[in-house]
Amino acid sequence: MSSRIVSKNISYLMQQLRHNSNRASIAKIGREKYCRMYLTTLVNPDGSSITIRYHEPRRIIKLPMDVSQLTPEELQKHLNRRKEEEKVVVEEVIDDGFDVNRYSYLWKKNPEDK
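What you see is a predicted model, and the numbers here were worked out from it, not measured in a lab.

Peer 1: Before we go on, may I ask you to explain the overall build of the protein chain in this structure?
Peer 2: The secondary structure content of the protein chain amounts to three helices and three strands. Going residue by residue from the N terminus, the α and β elements of the protein chain occur as α-α-β-β-β-α. Counting every position in the protein chain, which comprises 114 residues, the buried fraction comes to 4%. Sequence separation of 24 or more characterises 0% of the internal contacts of the protein chain that already satisfy a separation of 6 or more. If you sum the accessible surface of the protein chain, you get close to 11900 Å²; carbon and sulfur atoms cover 52% of it.

Next comes the structure, spelled out in structure tokens:
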């Protein structure tokens, strides 16, 4: 009976040794969920970037900046970038001294009306 237990243990060890990368080409991998990972660029707050695998198809992910480590000048610049730009209102002032009557002869129909 002990030889039967020993043979079961040896067969179990042999099966464990055979599991390598070629197993997927012979039989399916027993997963409940097949995760597709997409290449994504991760941008750190300091501007450096690395390529990672992400579960959603995104092109770029930008990490938030830690405002507690900024100097007051850098914090003010960061907050000013978030503000909405003010729109400039241009008022038209038409007082250029143009006299329409000086050119009235150009739109007269008959040449003798000049």
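Peer 1: Looking at this model, I keep getting lost on the pairing of strand β1 (residues 38-43). Mind explaining?
Peer 2: As a general feature of sheets, a regular strand has side chains that alternate between the two faces. Here β1 runs beside strand β2 (residues 49-54); their pairing, made up of six bridges, is antiparallel. Bridging from a neighbouring strand, L39 pairs with R53 of β2. Here β1 folds back onto β2, and the loop between the two strands holds five residues, one of which, G47, carries a positive phi near 105°.

Peer 1: Is there a simple way to think about the sheet that holds β1 in this case?
Peer 2: By definition, the strands of a sheet pair up through backbone hydrogen bonds, in either a parallel or an antiparallel sense. Strand order in this open sheet of three strands is β2-β1-β3, and the pairing throughout is mixed. Edge positions in the open sheet fall to β2 and β3 (60-62), since each of these has one partner strand only. Geometrically, the sheet is characterised by an average inter-axis angle of 35° between neighbouring strands, direction not taken into account. With three bridges joining them, β1 and β3 adopt parallel strand pairing. Looking at β3, one finds that L42 is bridged to I61.

What counts as what
Residues numbered from 1 in each chain as written. Predicted model: local features only at pLDDT ≥ 70, side-chain atom pairs only at ≥ 80, totals over all residues. Heavy atoms only, no water. Helix = DSSP H or I, 4+ residues; strand = E, 2+ residues; numbered from the N terminus. Buried < 20%, exposed > 50% of the residue type's maximum accessible area, 1.4 Å probe, protein only. Contact = heavy atoms within 4.5 Å. Areas by Shrake-Rupley, 256 points an atom, 1.4 Å probe, with all protein chains shown as cover. Pairing = 2+ DSSP bridges. Axes fitted to C-alpha atoms, helices over the stretch in contact; angles between N-to-C directions.

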